[in-house]
Amino acid sequence: MKKTLAAFFLALTLLTGSAAAFSDVDEGLYYAAPIAWAVERGITTGTSEDTFSPDALCTQGQILTFLWRAAGSPLAEGESPAGLPDLNPDFQKALIWALDAGILDGSAGSPAASFDPAAPCSRGTAMRFLWRYSGSPAASAPGAFTDVPPAAGYAQAVAWAVESGITSGTSDTTFSPDEPCTRGQIAAFLYRCVNETGETAVRISEDPVPQSPAPETEEARPLRTYTGSGEARSMGLDGSEFTSDGIYEAKVTVDVYSPLEAVFTIDVPFPLYQACNYTVRFDVPEKPEESCVFTFLRWDEAFADMIPWEGEHNRVRFTDTSGRTAGDLSLSPDFSGDDRIGGLLVRRVTVSEGSSFTFDTLGDRAVACSVSANP
């Protein structure tokens with residue numbers, strides 16, 4: 001009872017804070033207090049400055065990341081299993097931690113066969129993650145849902161979650177374990193798990209984890225900076241003001257840090273998931289035959305049913321019409337500089353040693369860019 005009352009007063013306090021700023025979170029709905037709590041604890045953030053998107057589907061990678069942050073973002077040693085696509089840094093850290101903590105089962109070989117970070121998280125999977133997160137406690141009685149087979153990997157988790165008040169069935173006799181969860185639902189499940197069950201095997205961070213101050217280092221400055229602009233076309237995926245037949249302005253900045261390394265920043269006025277091809281040209285006006293072109297291809301889950309895609313989810317191509325080659329190009333694995341909602345693409349490119357192209361040969365070329373939906 002004390003635990004429930006504490007959670008209630010916590011909810012009242014939090015609702016006057018961060019979640020109240022989200023225009024799409026109605027304070028009268030069940031997920032308002034959980035969202036406020038999760039944002040206050042740094043477990044999740046909004047999808048923009050004033051929206052949370054509580055009805056958007058929550059992926060398996062996202063719920064593992066929420067659990068990892070709720071536990072204090074602990075460091076776990078190891079590598080991501082083979083067979084998984086490139087993950088953003090938090091997804092990767094959460095995956096390694098989840099395997100180490102036993103929340104994600106890797107005993108049957110690579111979890112890539114059953115875990116897809118980009119796939120929507122189902123109700124059954126969410127309960128299994130929360131159950132293992134809480135130490136796999138036993139329920140006092142098996143569940144009685146007709147659509148939850150006793151041998152299912154999530155059966156014990158569902159029975160425990162319903163008994164603990166984390167969730168309920170979708171009817172008197174069904175649980176709908178394959179139904180995908182929304183961001184609002186996941187926030188509510190985790191909030192109830194932490195604040196009401198009293199069964200948490202993994203330590204929950206109520207306060208921000210103290211971080212040792214990083215040693216001060218002088219920020220590297222670019223040797224040369226190029227700026228330019230160009231045209232951008234949106235796919236018009238979400239019915240927003242950015243229609244598929246409109247032409248918008250794109251801006252590009254290229255900071256050169258060494259002959260073999262540069263950072264490309266492309267800014268468009270629509271979300272990154274509205275396009276997949278980002279091209280930067282270095283032109284000599286009087287010698288068009290010597291143009292250098294970098295093309296960045298970015299896959300997004302929004303494209304899954306629309307654009308055939310082969311190869312890595314993030315890659316770069318180089319074209320030099322004068323016949324030179326850039327050797328091997330590599331991208332920094334950290335894409336945290338991207339603003340998927342705001343439209344900012346940031347890519348650090350490194351050219352291999354011995355390449356016939358280096359960034360210091362660009363001279364005073366003019367820079368332009370283009371953005372489109374053509375892979």
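One can find the structure itself at the top, above this paragraph.
About the thresholds
- Residues numbered from 1 in each chain as written.
- Predicted model: local features only at pLDDT ≥ 70, side-chain atom pairs only at ≥ 80, totals over all residues.
- Heavy atoms only, no water.
- Salt bridge = Lys/Arg side-chain N within 4 Å of Asp/Glu carboxyl O.
- Buried < 20%, exposed > 50% of the residue type's maximum accessible area, 1.4 Å probe, protein only.
- Helix = DSSP H or I, 4+ residues; strand = E, 2+ residues; numbered from the N terminus.
- Contact = heavy atoms within 4.5 Å.
- Pairing = 2+ DSSP bridges.
- Axes fitted to C-alpha atoms, helices over the stretch in contact; angles between N-to-C directions.

Colleague: Looking at this structure, I do not really get the pattern of salt bridges. What am I missing?
Modeller: When charged atoms on two side chains of opposite charge get close, those side chains can pair. Scanning all chains against the criterion turns up six salt bridges. Arg281 serves as the salt-bridge partner of Asp283, at 3.1 Å between the closest nitrogen and oxygen. Overall, the relative accessible area of 35% leaves Arg281 in the partly exposed class. Across the pair Asp320 and Arg324 runs a salt bridge, and its minimum N-O distance is 2.8 Å. Classification of Asp320 by relative accessible area gives buried; the value is 8%.

Colleague: It is not clear to me how the environment of Ser372 should be interpreted in this structure. Could you clarify?
Modeller: In this fold, Ser372 is placed in strand S9 (residues 366-372). When its relative accessible area of 17% is taken as the criterion, Ser372 is described as buried. For the pair Ser372 and Ala275, spaced 97 residues apart in sequence, the C-alpha separation works out to 5.4 Å. Among residues more than four places away in sequence, those in contact with Ser372 are Arg233, Ala275, Cys276 and Asn277.

Colleague: Just to check I follow, could you spell out the side chain of Ser122 for this structure?
Modeller: Along the chain, Ser122 turns up in the loop between helix H4 (89-101) and helix H5 (123-133). On the accessibility criterion, Ser122 (13% relative accessible area) is buried. When near neighbours in sequence (up to four residues on either side) are disregarded, Ser122 contacts Pro177, Asp178, Glu179, Pro180 and Cys181.

Colleague: Explain the sheet that holds strand S2 (residues 247-258) here, please?
Modeller: Two orientations exist for strands paired in a sheet by backbone hydrogen bonds: parallel and antiparallel. Reading across from one edge, S6-S5-S4-S9-S1-S2-S3-S8-S7 is the order of the nine strands in this open sheet, with mixed pairing throughout. The sheet is open, and its two edges are formed by strand S6 (314-320) and strand S7 (329-331), each paired on a single side. Here the strands of the sheet are splayed against their neighbours by 25° on average, with no regard to which way each runs. Both S2 and strand S3 (residues 261-267) contribute to a ladder of seven bridges, which runs antiparallel. Paired with Val256 across the bridge in S3 is Ala262.

Note that all results are geometric; they support no functional claim without further evidence.
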